[in-house]
Amino acid sequence: MEKRMVKFYSRENNKLALHASSGHFATSNSHINYYIDVTSIKTRVREAKEAAAILSTRVNPMSYVDTIVCMDGTEVIGAFLAELLEQRKVLSTNIHETLYVVEPELNNSNQIMFRDNMKDKIAGKHVVLLLDTTTTGETIRRSVEAIRYYGGIVEKVVSLFSTINGINGMSIDTIFTAEDIPGYQAYEPHDCPFCKKGIPIEAMVNGFGYSKL
Ligand SMILES: [Zn+2]
């Protein structure tokens, strides 16, 4: 699979590329014909910084931001994003005059949770939710719901790659869209043309990467 990876460059910044491999893959909510790999953007400091610079322009400078909630291993980007928002003097209600960058846990039922020592970084805080790849928006829906349970106010949702531009009335700002990957398709699992043809699923994919079947 690694050998089939093709690079697709950002139209906004030619130092930033995602990798994609064509095939038949299952996410937790959909079947897709390209496995999108943003690992290098999440783990290479220079690329994470470039990504954060683009995402920082998507946050309204007049909005409040107290906390960045990082899903799918996006903390490096989250830290740079927090720094850029501080430099741009985005408003914050935090008494320490700095932003929080946090990662939630998933409990045994795959629900997003924050431990007692993390709750005050969410309760009453203005939150930017940061994700790596978004196809159905199901992770966003569950994350926004969890943040609200804990009393947080979701101000903005940003994703490195997204095939949708909103969910439940909440817009999603992204660096890469499906248009950057010609032929990209996501299907409801029961409506997947590959499954209908009896083509086996090659790998399960999630925010951490892929595991071959
Ligand atoms: Zn399928």
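Everything that follows concerns the structure shown earlier in this document.
Residues numbered from 1 in each chain as written. Predicted model: local features only at pLDDT ≥ 70, side-chain atom pairs only at ≥ 80, totals over all residues.

Engineer: Quick question: what am I supposed to make of the pairing of strand 4 (residues 67-70) here?
Structural biologist: Where a strand is regular, its side chains alternate between the two sheet faces. Both faces of strand 4 are covered, namely the face carrying Thr67 and Val69 and the face carrying Ile68 and Cys70. Where strand 4 and strand 5 (residues 100-102) come together, 3 bridges link them in parallel fashion. Within strand 5, the position partnered with threonine 67 by the bridge is tyrosine 100. A crossover connection joins strand 4 to the parallel strand 5 through helix 3 (residues 75-87); in handedness this β-α-β unit is right-handed. Bridge count for strand 4 against strand 8 (residues 126-134) is 4 bridges, and the pairing is parallel. Its bridge partner being in strand 8, threonine 67 is matched across the sheet by valine 127. (Buried ≥ 20, exposed ≤ 12 C-beta atoms within 10 Å, placed from the backbone. Helix = DSSP H or I, 4+ residues; strand = E, 2+ residues; numbered from the N terminus. Pairing = 2+ DSSP bridges. Right-handed = clockwise from strand over helix to strand, strands pointing away.)

Engineer: Sorry, what's going on with helix 3 here?
Structural biologist: For helix 3, with 13 residues, the first-to-last C-alpha span of 18 Å sits near the 18 Å given by 1.5 Å per residue. Within helix 3 the residues assigned to the buried category are Val76, Ile77, Gly78, Phe80, Leu81, Ala82 and Leu85. Elements in contact with the buried residues of helix 3: helix 1 (39-43), helix 2 (45-56), strand 4, strand 5 and strand 8. (Expected span 1.5 Å × (residues − 1). Contact = placed C-beta atoms within 7 Å.)

Engineer: Would you mind going over the pairing of strand 9 (residues 153-162) with me for this structure?
Structural biologist: Among the 10 residues that make up strand 9, 7 are buried, leaving the element largely enclosed by the rest of the structure. Bridge count for strand 8 against strand 9 is 8 bridges, and the pairing is parallel. Paired with valine 127 across the strands is valine 154, a residue of strand 9. With 5 bridges joining them, strand 9 and strand 11 (residues 170-177) adopt parallel strand pairing. The residue of strand 11 that forms the bridge with serine 162 is threonine 177.

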